Each structure stands twice: as structure tokens, then as C-alpha cells.
Amino acid sequence: QKSSIGSEAERAQIQDGADDQDAGTLHTDKTSHWASGELTKAHLTEALDAMSDKLVKTWQTSIEQLRKEVLDIGNRTAHIENKLSEYATAHNDIADHVAALEQKVTQIEARMADVEDRSRRNNLRLRGVSETALPGDLQAYVRGLMRAYIPEITADMMLVDRVHRVPKPRNLPDTTPRAHYFHIKEAVLRTSRNRATPHEDYPSVKIMADLSAATLKHRKEFQETTQELRNKGIRYRWGYPTKLLITKNNGLKIIHTPEEGLKQLKEWGLLTGSPKKAGPAERLTPEWRQISNKST
């Protein structure tokens, strides 16, 4: 029993101590828990502040680098714009020189064509002369053709200096014959043009004026205008250097360029739409605005 009491007392002491110890342990754990919570919050705040500072520094570095790159691009763009402006100015100078040269070349070509046409003014070109007519027979052949078109012509007026064959134009078939001779042309040309049908003795022969290649090419450029004039029954004739002499309402209108001819037809109400015009080399106008390269 004593041991039992002792045991009980001891047990009670132990129990009391155990209670005290447990209470202290509980109190200590509670204090450590709150202390641990306060330290975690401080650490988290410190970590966030450190991360924020690091991000700010990173962003500042990136922005500074980007600013430098933008300024560099701006400087290079300004340099390119200045160069393009110089190129545009140089191009416009060249375009002006080209336009002036084109005008001079056109004038020179017109004068050369006029000189060549004047050297051919007494010539006639015959297309459709049979290849059976030998070179030695061409004189007699041409004289016979001239008498057929102008019966009243006398022998002393029939001054044929020379008759010879010329190469066929490329647009004609190989079977098309040709011949070429000099002197007395207006009467023969006028008679052949006034005939509604070819001469019965020379049905395959076509009589034309002998013109330079440059003049023929230039006249072809007036084709749209001359076609419309023929359709409307308006009289016209060719002048030298190449130009159109149009007779309308008892007046004479001189046309020097195809564009001028189309414009005149439009003014007369004979042509609808805008006339085509081949302009000179286009000038360049800078369309950019130089950027600002000031620091921001």
C-alpha cells in the first residue's frame, strides 16, 4: 500500500509534471508556430522585393538596349531617305535629259527622212510586176504600163532614167514580184488612185510612191487617225516631213503627231474616249517624311 501510495504520489507528481510539461510543450509549440509564420512572411516579402528589383533592372537594361537599337535604325533610315532623295533628284535630271534627247533624235530622224524622201520624190514603186519580166525588159514593160494609164503621154515625156528590182518587204510573200523606176510619177499616181479597179492589162500591179522606211513607219503611227478620216469621208494628204494635211469645212488643219491627230478627231466629235499618249520617262517625287532621331 505504501508503495502503492508512493506509486500514486509519484504517479500524481509525474502526472502533474506531465501535465505541466504538456502544457509547456503546447505553449511552446504555439509560440514557435506563430514565430515561424512571421519569419516566412518576411522572407517572402524580401524575396518579392528582390525579384521586383531584378525585374526592374532587367527591364531597364532591355529598354535601354531597345532604345539604342531604335535610334540606330532611325539614323540608318534617315541615311537611306537622304540617299533616296539624291537618287530621285538624279533620276529626274536624267529623265529631263532623256526627254530632250528624244526630242532631238525625233527631229534628226525627221530631217533625215525628209532628205531621203526628197531624193526619192521622182520615183515610183511598182508592186506586182511579174517575175517573167527580165531585167532587160523592164524598161519596155514600164513604158507600156505608163501608156496604159496615161494614153496621151508622149515619148519625149516618158523619161525613165532607170528601172530595177528591189528586195521585197519582209511582210510580203516570196511569190510577190516587185520593180522600181525613176521620173514622172504624179500623173501616174493620180491616175492609178482615181481608178476604181486595176488596169485590165496590168491587174496585179500596184503603183505607190517611193518613200523611206522611216517615213512609212511614221505614217503607220497615224493609222488610227487616217482610218477614221477615211470612214468619215474627210479628205487628207501627206506633207513632208511626215504630217497630215486635213481639209475640213473649207479649212486646212495640219497635224504633226499621232496624238495631235487623235485629239483633233475628239474635238471634232469623231472619236470617243481619251486619246492615247506615250509620255516621257516619269519623274520621281519623294513620298517619305524623315523620322526624328531625338533621344526619348
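First, a word on scope: everything that follows refers to the structure included in this document. (Residues numbered from 1 in each chain as written. Predicted model: local features only at pLDDT ≥ 70, side-chain atom pairs only at ≥ 80, totals over all residues. Heavy atoms only, no water.)

Looking at helix H5 (residues 223-231), one finds that the buried residues are Thr225, Thr226, Glu228 and Leu229. One face of H5 carries all of its buried residues, which in axial projection span an arc of 160°. Next to the buried residues of H5 lie strand E5 (235-239), strand E6 (243-248) and helix H6 (258-267). Where H5 terminates, the next one or two residues include glycine 233, which has phi positive at roughly 70°. (Buried < 20%, exposed > 50% of the residue type's maximum accessible area, 1.4 Å probe, protein only. Helix = DSSP H or I, 4+ residues; strand = E, 2+ residues; numbered from the N terminus. Arc of directions from axis to C-beta. Contact = heavy atoms within 4.5 Å.)

Our next topic: the pattern of salt bridges. Applying the stated rule across the entire model yields seven salt bridges. With a closest N to O distance of 2.8 Å, arginine 67 and glutamate 64 form a salt bridge. One end of the pair is arginine 67 and the other is glutamate 64, both in helix H1 (residues 2-119) and three residues apart, which spans about a single turn. When its relative accessible area of 32% is taken as the criterion, glutamate 64 is described as partly exposed. Taking the shortest distance from any N to any O, the salt bridge between lysine 232 and glutamate 228 comes out at 3.9 Å. Overall, lysine 232 belongs to the partly exposed group, its relative accessible area being 47%. (Salt bridge = Lys/Arg side-chain N within 4 Å of Asp/Glu carboxyl O.)

Right, let's talk about the sheet that holds strand E7 (residues 251-255) for a bit. Read from one edge of the open sheet, three strands run E5-E6-E7, paired in antiparallel fashion. Across the chains shown, the open sheet's two edge strands, defined by having one partner strand only, are E5 and E7. Pairwise comparison of adjacent strand axes, ignoring direction, gives a mean angle of 25° for this sheet. Summarising the sheet, E6 and E7 pair through five bridges and their orientation is antiparallel. Note that in E7 the partner of isoleucine 246 across the bridge is lysine 253. (Pairing = 2+ DSSP bridges. Axes fitted to C-alpha atoms, helices over the stretch in contact; angles between N-to-C directions.)

Across soluble globular proteins, nonpolar side chains have a tendency to be buried as a group. Judged by nonpolar contacts, the single largest core of 20 residues is most densely connected at Leu126, Leu145, Met146 and Ile207. The element that contributes the greatest number of residues to this core is helix H2 (residues 138-149), accounting for six residues. For leucine 145, the residues in contact, after removing those within four places along its chain, are Leu126, Tyr202, Val205 and Ile207. Formed by nine residues, the second largest nonpolar core is a distinct cluster that contains Phe222, Ile234, Ile255 and Leu262. (Core = buried A, V, L, I, M, F, W, Y, C linked by side-chain atoms within 4.5 Å.)

Here we take up the pairing of strand E1 (residues 123-127). By the criterion of burial, E1 is predominantly enclosed, with four of the five residues buried. Pairing analysis gives four bridges linking E1 to strand E4 (residues 206-209), with the strands arranged antiparallel. Counterpart to leucine 124 in the pairing with E4 is alanine 209.

Angle between the axes and distance between the axes are the two parameters that describe a pair of packed helices. Where H5 contacts H6, the axes come no closer than 8 Å and their chain directions differ by 35°. Handedness of the H5/H6 crossing: left-handed. Where H5 abuts H6, its residues Glu224, Thr225, Glu228 and Leu229 lie against Pro258, Gly261, Leu262 and Leu265. Its residues placed into classes, the contact of H5 with H6 shows four nonpolar, two polar and two charged. (Left-handed = near helix turned anticlockwise from the far one by under 90°. Nonpolar A, V, L, I, M, F, W, Y, C, P; charged D, E, K, R; others polar.)

Moving on, we get to the environment of phenylalanine 222. Considering the arrangement of structural elements, one finds phenylalanine 222 in the loop between helix H4 (213-220) and H5. What makes phenylalanine 222 buried here is its relative accessible area of 0%. Once you skip the residues sitting within four places of it in the chain, phenylalanine 222 turns out to touch Trp238, Thr242, Leu244, Ile255, His256, Thr257 and Pro258.

In this section: the packing of aromatic side chains. In the structure shown here, the tally under the stated rule is three aromatic pairs. Between the aromatic rings of tyrosine 141 and tyrosine 202, the centroid separation amounts to 5.5 Å while the plane-to-plane angle is 85°, which identifies the pairing as edge-to-face. Residue tyrosine 141 is found in helix H2, and its partner tyrosine 202 is found in the loop between helix H3 (186-194) and E4; the two are separated by 61 residues along the sequence. Take tyrosine 141: its relative accessible area is 21%, and that puts it in the partly exposed class. Residues tyrosine 236 and tryptophan 238 carry aromatic rings whose centres are separated by 6.2 Å and whose planes lie at 90° to one another, so their mutual orientation is edge-to-face. An aromatic cluster of at least three residues, connected via ring pairs, comprises Phe222, Tyr236 and Trp238. The ring of tryptophan 268 has lysine 248 lying over it, and the distance from NZ or CZ to the ring centre is 5.0 Å. (Phe/Tyr/Trp six-rings, centres within 6.5 Å; stacked < 30°, edge-to-face > 60°. Lys NZ or Arg CZ within 6 Å of the ring centre and 35° of its normal.)

Listed in full, the buried residues belonging to H6 are Pro258, Gly261, Leu262, Gln264 and Leu265. Buried residues in H6, looked at end-on, bunch into an arc of 160°, giving them a common side. Exposed and facing more than 90 degrees away from the buried side of H6 are Lys263 and Glu267. Among the structural elements, H5 and E7 are those in contact with the buried residues of H6.

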